[in-house]
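If you want the building blocks of each chain, they are given just below.
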Amino acid sequence: EQAACRPWLEAELAAVRPRMVLCLGATAAQALLGRGFALLSGRGRWYRLDDGLRVLPTVHPSWLLRLSDGERPDAWRGFIADLRLLRTADGRSS
């Protein structure tokens, strides 16, 4: 699916020309960062593509919902910390 939809992704990025992209989940992150990208070890930090686009991968919200009640609070805090990086990326405070 990623290979089949790649032309649409590239066309959309070219049309919108975003400064940054938030990738929610491994599928989205691997579409931009490569099939070998390991989400849980690489999430929550900025990556820059060859064209200068900044990419921030994090978990998909549905992953949080599938966690046990005991795991969910820490995972939720990590997700929120990742999202805060978006606010500080443009120089705004969190």
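Attention here is on the structure that accompanies the text. From a predicted model like this one, the values you see are computed outputs, not experimental measurements.

### Examining the overall build of the protein
Within the protein one finds five helices and three strands. What you see in the protein, going N to C, is helices and strands ordered as α-β-α-α-β-β-α-α. Viewed in the frame of its principal axes, the protein has a C-alpha envelope of about 40 × 35 × 20 Å. Buried residues in the protein amount to 24% of all 94 residues. Considering only contacts in the protein between residues 6 or more positions apart, those separated by 24 or more positions represent 48%. Counting only carbon and sulfur atoms, one obtains 54% of the accessible surface of the protein, whose full area is about 6400 Å². Seen as two clouds, the 14 positive and the 10 negative side-chain charges of the protein have centres 6 Å apart.

### Structural notes on the nonpolar core
Here is a general trend for soluble globular proteins: nonpolar side chains tend to be buried in one another's company. Within the largest apolar cluster, 13 residues are counted, with the highest numbers of intra-cluster contacts made by C23 and L64. Secondary structure elements with two or more residues in this core: β1 (20–24), α2 (26–33) and α5 (72–89). Ignoring any residue separated from it by four or fewer positions in sequence, one finds L64 in contact with V59, R72, A75, W76 and F79.

### Some details on the pairing of strand β3 (residues 54–58)
Of all five residues making up β3, five are buried, and the element is well covered by its neighbours. Along β3, one buried face is formed by R54, L56 and T58 and the opposite face, lined by V55 and P57, is buried too. Inspection of the sheet shows strand β2 (residues 47–48) paired to β3 by two bridges, in the antiparallel sense. Residue pairing in the sheet places R48 in a bridge with R54 of β3. Between β2 and β3, which pair antiparallel one after the other, the connecting turn spans five residues, and G52 there sits at a positive phi close to 95°.

### A word on the side chain of T58
Here T58 is to be found in strand β3. Given the relative accessible area of 0%, T58 is considered buried. A polar contact of 2.5 Å, which involves the side chain of T58, links it to the side chain of D82.

### Remarks on the side chain of D82
Looking at the element boundaries, D82 is found in helix α5. Only 2.8 Å separates the side chain of D82 from the side chain of R43, close enough to count as a polar contact.

Cut-off values and rules
- Residues numbered from 1 in each chain as written.
- Predicted model: local features only at pLDDT ≥ 70, side-chain atom pairs only at ≥ 80, totals over all residues.
- Heavy atoms only, no water.
- Helix = DSSP H or I, 4+ residues; strand = E, 2+ residues; numbered from the N terminus.
- Buried < 20%, exposed > 50% of the residue type's maximum accessible area, 1.4 Å probe, protein only.
- Contact = heavy atoms within 4.5 Å.
- Areas by Shrake-Rupley, 256 points an atom, 1.4 Å probe, with all protein chains shown as cover.
- Lys, Arg positive; Asp, Glu negative; His and termini not counted.
- Charge placed at Lys NZ, Arg CZ, Asp CG, Glu CD.
- Core = buried A, V, L, I, M, F, W, Y, C linked by side-chain atoms within 4.5 Å.
- Pairing = 2+ DSSP bridges.
- Polar contact = N/O pair within 3.5 Å; in protein donor to acceptor, adjacent residues only side chain to side chain.

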